[in-house]
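Topology and contacts: notes
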Amino acid sequence: MIKNICCIGAGYVGGPTMAVIALKNPNINVTVVDINKNRIDAWNSEDLSSLPIYEPGLDEVVAEARGRNLFFSTDVDKAITESEMIFISVNTPTKTYGKGKGMAADLKYIELCARQIAEIAKTDKIVVEKSTLPVRTSEALKSILDNTGNGVKFQILSNPEFLAEGTAISDLLSPDRVLIGGGTDEEGTNAVNALVSIYEAWVPSDKIITTNVWSSELSKLTANAFLAQRVSSINAMSELCEVTGADVNEVAKAIGMDSRIGSKFLKASVGFGGSCFQKDILNLVYIARSYGLNQVADYWEQVIIMNDYQKNRFAKKILTTLYNTVSGKKIAFLGWAFKKDTNDTRESAAIYVADALLDEQANIAVYDPKVVKEQMYNDLANLNTRKVEEIEAGISVFSEVYELCKDAHAIAILTEWDEFKEYDWKMIYENMKKPAFLFDGRNILNGENMENIGFVYNGIGISKNIE
Ligand code: NAD
Ligand code: UDX
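Here the structure is a predicted model, which is why all the values come from computation and not from measurement.

Relative to the helices and strands, Lys130 resides in the loop between strand 5 (125–129) and helix 6 (137–148). A relative accessible area of 2% means that Lys130 is categorised as buried. A polar atom in the side chain of Lys130 sits 2.9 Å from the side chain of Glu161. In terms of polar contacts, Lys130 uses its side chain to reach the side chain of Tyr199, at 3.1 Å. If we ignore the near neighbours within four places in the chain, the residues touching Lys130 are Val13, Thr17, Phe87, Ile88, Ser89, Asn159, Pro160, Glu161 and Tyr199.

The subject of this paragraph is unusual backbone geometry. That bond from Lys434 to Pro435 is cis: its omega, -5°, falls within 30 degrees of zero. Mapped onto the elements of the fold, Pro435 is located in the loop between helix 17 (425–430) and strand 13 (437–440). Phi is positive for Asp407, which is not a glycine, with a value near 65°. Checked against the element boundaries, Asp407 lands in the loop between helix 16 (401–405) and strand 12 (410–413). Of note in this structure, Asn443 is not a glycine but carries a positive phi near 50°. Residue position: Asn443 is located in the loop between strand 13 and helix 18 (447–453).

Our next topic: the pattern of salt bridges. Applying the stated criterion to the full structure yields 23 salt bridges. Between Asp146 and Lys142 there is a salt bridge, with its nearest N and O atoms 2.6 Å apart. Here Lys142 and Asp146 lie together in helix 6, a separation of four residues that amounts to about one turn. Residue classification places Asp146 among the partly exposed residues on the basis of a relative accessible area of 41%.

This brings us to the packing of helix 9 (residues 213–244) against helix 11 (residues 277–290). Put simply, helix 9 and helix 11 touch, their axes get as near as 9 Å, and they point 115° apart. For the crossing formed where helix 9 meets helix 11, the hand is left-handed. Across the interface between the two elements, Leu218, Leu221, Asn224, Ala225, Leu227 and Ala228 from helix 9 touch Phe277, Asp280, Ile281, Asn283, Leu284 and Ile287 from helix 11. Across the contact of helix 9 with helix 11, the residue classes tally to nine nonpolar, two polar and one charged.

Attention now goes to empty space enclosed by the protein. For the structure shown, the criterion picks out two cavities of 30 Å³ or more. In terms of lining residues, the largest cavity is bounded by Glu242, Arg313, Phe314, Lys317, Phe439, Asn458, Gly459 and Ile460. Put simply, the parts of the chain that give the lining of the largest cavity at least two residues each are helix 12 (294–321) and strand 14 (456–459). If one sorts the elements of the lining of the largest cavity by residue count, helix 12 sits on top with three residues. A breakdown of the residues in the lining of the largest cavity according to their chemical character gives three nonpolar, two polar and three charged. Taken as a whole, the second largest cavity spans an internal volume of roughly 30 Å³. Along its surface, the second largest cavity is lined by Glu129, Ser131, Thr132, Leu133, Ser158, Pro160 and Glu217.

With that settled, consider the sheet that holds strand 11 (residues 395–397). With parallel pairing, six strands are arranged side by side in an open sheet as 11-10-9-12-13-14. Edge strands, defined here as strands with exactly one partner in the open sheet, are strand 11 and strand 14. Each adjacent strand pair in this sheet contributes to an overall mean axis angle of 20°, direction not counted.

Moving on, we come to the domain arrangement of the protein. Parsing the protein into structural domains produces domain 1 (4–211) and domain 2 (226–459). Each of domain 1 and domain 2 was reduced to a C-alpha centroid, and the two centroids are 32 Å apart. At the interface, 22 residues of domain 1 touch 19 residues of domain 2. Both sides of the domain 1 and domain 2 interface together cover about 1600 Å² of buried area, and 54% of this is carbon and sulfur. When the buried area of domain 1 at its contact with domain 2 is split by residue, Tyr54, Met103 and Glu165 rank highest and sum to 43% of it. Run the count over domain 1 and domain 2 and you get one salt bridge. Arg346 is the partner of Glu165 in a salt bridge, and the nearest nitrogen-oxygen pair spans 3.6 Å.

Assignment of secondary structure puts Asp344 in the loop between strand 9 (330–334) and helix 13 (349–359). Ignoring sequence-local partners within four residues, the contact set of Asp344 consists of Tyr12, Glu165, Ala337 and Phe338.

In the vicinity of ligand 1 there are 25 residues, among which Asp34, Arg39, Thr92, Glu165 and Lys279 approach most closely. Between ligand 1 and Tyr12 there is a distance of 3.0 Å, counted from an oxygen atom to a backbone nitrogen or oxygen. Protein coverage of the free-state accessible area of ligand 1, which is 830 Å², stands at 93%. For the shell around ligand 1, the per-class residue count stands at nine nonpolar, nine polar and seven charged. Inspection of the shell around ligand 1 shows a minimum of three residues originating in each of domain 1 (4–211) and domain 2 (226–459).

On to the confidence of the model for the protein, then. On average, the protein scores 97 in pLDDT, and the residues at 70 or more come to 99%. Reported confidences for the modelled complex are a pTM of 0.97 and an ipTM of 0.98.

What counts and what doesn't
Residues numbered from 1 in each chain as written. Chains lettered and ligands numbered in written order. Predicted model: local features only at pLDDT ≥ 70, side-chain atom pairs only at ≥ 80, totals over all residues. Heavy atoms only, no water. Helix = DSSP H or I, 4+ residues; strand = E, 2+ residues; numbered from the N terminus. Buried < 20%, exposed > 50% of the residue type's maximum accessible area, 1.4 Å probe, protein only. Polar contact = N/O pair within 3.5 Å; in protein donor to acceptor, adjacent residues only side chain to side chain. Contact = heavy atoms within 4.5 Å. Salt bridge = Lys/Arg side-chain N within 4 Å of Asp/Glu carboxyl O. Axes fitted to C-alpha atoms, helices over the stretch in contact; angles between N-to-C directions. Left-handed = near helix turned anticlockwise from the far one by under 90°. Nonpolar A, V, L, I, M, F, W, Y, C, P; charged D, E, K, R; others polar. 1 Å grid on protein atoms, 1.4 Å probe; cavity = no way out; pocket = protein on both sides within 12 Å on 5 of 7 lines; lining within 4 Å. Points joined across faces, edges and corners; volume = space filled by probe spheres on them. Pairing = 2+ DSSP bridges. Domains from an automatic or database assignment. Buried area = accessible area lost by both parts, 1.4 Å probe. Near = heavy atom within 4 Å. Areas by Shrake-Rupley, 256 points an atom, 1.4 Å probe, with all protein chains shown as cover. pLDDT = per-residue confidence, 0-100.

The following block contains the structure:
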């Protein structure tokens, strides 16, 4: 029976995942550790609105479990020493240097964790890969753990996380499935069973599937590739809709009712963002190429190419519609996060659209209910396309939408926050420059209603002036 577990990495995955494991397993002590002290302090903050990540329902889970059997700490060594099972949930970003730059996953953080576990562990441990990793990473982990350990035995499991941000808590509470990959010998089976029993505290047994380690590692990359591919597929169709008079929402509905296709993940948009899709597909492409599978690599790479095209296309549409110049014009951005109900902005389409419009000397005004100004400036600075002073001069951040849109030449909706649907659009219209352009990058508004108010409305995949 496992009594103590820890998780290295208190981020978007480690934090919520361990909070739910602790909530549902009151007899197991769960310690989440991180080298980032600010993040740990925020996880320990009295004020639950100051948790480091925003997820609906997370505050309630933390309120119930924290201090009871859920702990956040910077003492990684102590947590490793005391735990029988160690989850690794550190970041695995795209490499920015050396071999595989811009494509491969950077595994330095994972390797550091493995080396630290190998050095510190004095008793047998089950090490669980929670991070998304290239297929066969567990082989490298095993080699590090077995060769520098203290005669301690390690079992390595793969347990990829499928939660989506914004719905992390409900995804964790009722997952479609839990996937566990592990060895098939007696010790491997025991380790798999130990992890199964933790999930069985709340997940029905038939939703917990076990596979070999390689299938589990590869299934995570495959799932993200398939999901992103659906978005790029419908986005590809959105452009065809715009030139033919078809409506992408109608097309998505019509095909989604085919049970073989299904209705989810067919929402045309300004392009997908988030920390996972692009990174994981690039990694998949890199792996395929490294095995010489160039057709496989090219096939999946097209999903990214299409997504980049969609983000650019949106920016270009704003420019051409505004008479080919946005120089000095106020363009109001509604939303900066990569999707609603999260404060995460990693790879958000808004960053790329803003960058393209800053190239054209637009004055961009932004409002997002959960993203702070410093984050927006950082996101643009990280592109290395212009100086910080230029970013600060080109982007102004508002905390109130009516002020944001006052005297704007155009509004661009970048994130599908629910509150955007509830605004007094008539009042917004009245205070804008005319003609008042509205670019709905998420198709959340009713175009006809907006046109009746007076807006020149542009949705994604909705044709204009074609009978
Ligand atoms: P994150 O950047 O939010 O969190 C990672 C944390 O790990 C950071 O706080 C960092 O300080 C910490 N860390 C790094 N090295 C460390 C070390 N040696 N010791 C202690 N702490 C260390 O990342 P995330 O979004 O939580 O993603 C983590 C992993 O989960 C990635 O592999 C990602 O691909 C995968 N994943 C993410 C999501 C998602 O929605 N964000 C979903 C499924 C899977
Ligand atoms: C994704 C996977 O869904 C999740 O299973 C995995 O664990 C992590 O990566 P996440 O990136 O958090 O989750 O959010 P997701 O809901 O998948 O959205 C990703 C991006 O695609 C967002 O920018 C979203 O707006 C966009 N999207 C999604 C669309 O444009 N259209 C859709 O129909 C669905």
